[in-house]
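Each chain is listed here by its residues.
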Amino acid sequence: MNNIQRVHLMGIGGAGMSALAKLLHAHGLEVTGCDLHEPHYDLDTIPFKIGHSREHIDEFKPDALILSSAVHHDNEEVKQAERNGIKILSRAQTLSSLFNKYSGIGIAGAHGKTTTSSMTGLIFLRANFDPTVYIGANVPDIGSNAVSGKGKYFIAELDESDGSFELFHPEIAIITNADWDHVDHYPTRDDVINAFTRFVDGRKQDGTLIICAEDEGTQKVLEKCDKSRGKIIRYGFGKNYDWGAYDIKFSHGGGSTCKVSHNGQFVGTLELQVSGEHNILNSLAAISAADLSGISFETSAEILKTFHGSERRMQVKGETSDNILVMDDYAHHPSEIQATLNAVKNIYPERRIVVVYQPHRFSRTAQFAPQIAQALSIADEIFLLPVYSAGEKELSHSSSDEIIKNAAKKITQVNFDDADEILKSLLRAGDLLLTMGAGNVYELGEKILREKFN
């Protein structure tokens, strides 16, 4: 990023790119952008164009073109930049060049990294550490997906999907889990473990690793990583870890409480508004990072008591006049689906759970169809939308049909246009409608709420 004053971001409307754009703008750079659709995230005063065009390069005259992972190098706008000799960078290359200059707290994992990053960022902000924060979702309690601070800490959610998290060298590395996902990039489980191990060993010398002890993948990372690199802190359920949670109780309608131990000793009670055992683990990771930085458990617990969650993470979208609750969740991997549905069952045991799931990527659907079908069976009624491709080409053996073939419970396949009419005839007072997936399935729940079944 040396000698760069003007940057143009292609794909600026996405979670990661919009957050990066705001941070670059706050660092004094002239920032512009473009996207195929109207940005979902607030870009403040940053100018942007809808669509991609070579004319953007001539109009904005950037020193560097920064690409979302969804933008390919054969794009006409990218080719124009190449012809003009403009430096072309990825999102991760740009973000890591900022992050590595700070005392970085990097949060990685197949699941839970957005919530853990949000919790960590909120603690450091409310504790007046004035951190820089980068998160892959809007966080209502923070008011954005990015904050540019003047303190020494940079808290960032890091993306393992394409291996780019290996460009980051944190002072504190957090791994929530090392589950197998993104099969287009990681053909085997070992490939995932090796990538996380390289990330762990790439932290700054004498840096700390905070790692979940409840995940099979993280245990393999611990076996393979360089133990001499720095301190290792483990967290999990019970009192046998550096940070542990026990005596867990779930609250009707949402939230949980638990007792927390540090080095085997009781330190206090934690109350959360967010639900599920996975969020208790996420909070332990955030508390661990805060403790390393001099923030007491009491302070962290008091701040986390006010945390309402991140956008699209078990988010309550609203309730109809006839008591039908509509929720939305980003879960698209079988482990995430299972964790979300179990949490929903715990906090709303009296409600019938109607889930509409939108599979994400053909490669993931093909690889995990049996596990997805098993996880979805926790719900009472299951509806399945076509696969959200995310730019992938369809495989002959990969579609929503693969999930239905492996299901032990009835799954009804629907298209997006007809789903709302089918749901309106099915849903009854007291039900919970849960839209689930990494695509645009949330729009269905929003449509149901707007119509209010009139």
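Residues numbered from 1 in each chain as written. Predicted model: local features only at pLDDT ≥ 70, side-chain atom pairs only at ≥ 80, totals over all residues. Heavy atoms only, no water.

> Help me get a handle on the overall build of the protein chain, residues and values and all.
Broken down by element type, the protein chain carries 14 helices and 21 strands. On C-alpha atoms alone, the protein chain measures out to a radius of gyration of 22 Å, which is about the 22 Å that the 2.2 N^0.38 rule sets for 454 residues. Each of the 454 residues in the protein chain was classed as buried or not, and the buried ones make up 57%. Look at the contacts in the protein chain between residues 6 or more apart in sequence, and 66% of them connect residues 24 or more apart. Accessible surface for the protein chain amounts to roughly 18600 Å². Of this, 45% is attributable to carbon and sulfur atoms. (Helix = DSSP H or I, 4+ residues; strand = E, 2+ residues; numbered from the N terminus. Rg over C-alpha atoms; globule rule 2.2 N^0.38 Å. Buried < 20%, exposed > 50% of the residue type's maximum accessible area, 1.4 Å probe, protein only. Contact = heavy atoms within 4.5 Å. Areas by Shrake-Rupley, 256 points an atom, 1.4 Å probe, with all protein chains shown as cover.)

> Outline the packing of aromatic side chains, listing residues and values.
The description of an aromatic ring pair rests on the distance of the ring centres and on the angle between the ring planes. By the definition in use, this model includes nine aromatic pairs. Relative to Tyr153, the ring of Phe129 has its centre 6.1 Å away and its plane inclined at 40°; by these criteria the two rings are tilted. Highlighted residues: Phe129 in the loop between helix 5 (113-126) and strand 7 (132-139) and Tyr153 in strand 9 (residues 153-157), separated in sequence by 24 residues. Residues Phe165 and Phe199 carry aromatic rings whose centres are separated by 5.0 Å and whose planes lie at 20° to one another, so their mutual orientation is stacked. Residue Phe165 is located in the loop between strand 9 and strand 10 (172-175), and its partner Phe199 is located in helix 6 (residues 189-201); the two are separated by 34 residues in the primary sequence. Across the pair, exposure class does not vary: Phe165 and Phe199 are buried alike. Linked through ring pairs, Phe99, Tyr102, Phe154 and Phe168 together constitute an aromatic cluster. (Phe/Tyr/Trp six-rings, centres within 6.5 Å; stacked < 30°, edge-to-face > 60°.)

> Quick rundown of the sheet that holds strand 19 (residues 381-384)? Include the residues and the values.
Pairing in this open sheet of six strands is mixed, and the strands run 16-17-21-18-19-20 from one edge to the other. Each of the sheet's edge strands pairs with one partner strand only, and the pair in question is strand 16 (315-319) and strand 20 (412-413). Its contacts with the sheet put helix 14 (residues 442-451) on strand 16, strand 17 (325-329), strand 18 (353-357) and strand 21 (432-436), and the angle it makes with strand 16 is roughly 25°. (Pairing = 2+ DSSP bridges. Axes fitted to C-alpha atoms, helices over the stretch in contact; angles between N-to-C directions.)

> Describe empty space enclosed by the protein, naming the residues involved and giving the relevant values.
One pass over the full model with this rule turns up one cavity of 30 Å³ or more. Here the largest cavity is characterised by a volume of approximately 30 Å³. Around the largest cavity sit Arg91, Ala92, Leu95, Glu157, Leu158, Asp159, Ser164 and Phe168, which together line it. The class makeup of the residues in the lining of the largest cavity is four nonpolar, one polar and three charged. (1 Å grid on protein atoms, 1.4 Å probe; cavity = no way out; pocket = protein on both sides within 12 Å on 5 of 7 lines; lining within 4 Å. Points joined across faces, edges and corners; volume = space filled by probe spheres on them. Nonpolar A, V, L, I, M, F, W, Y, C, P; charged D, E, K, R; others polar.)

> Tell me what's going on with the layout of surface pockets, and back it up with residues and numbers.
When its volume is computed, the second largest pocket comes out at roughly 160 Å³. In terms of lining, the second largest pocket is formed by Asp179, Arg189, His333, Pro334, Ser335, Gln338, Phe368, Gln371, Gln374, Ala375 and Ile378. Put simply, the parts of the chain that give the lining of the second largest pocket at least two residues each are helix 10 (334-347) and helix 11 (362-376). If you tally residues by element for the lining of the second largest pocket, the top one is helix 11, at four residues. Taken together, the residues of the lining of the second largest pocket sort by class into four nonpolar, five polar and two charged.

Any functional reading would require information beyond the geometric quantities listed.
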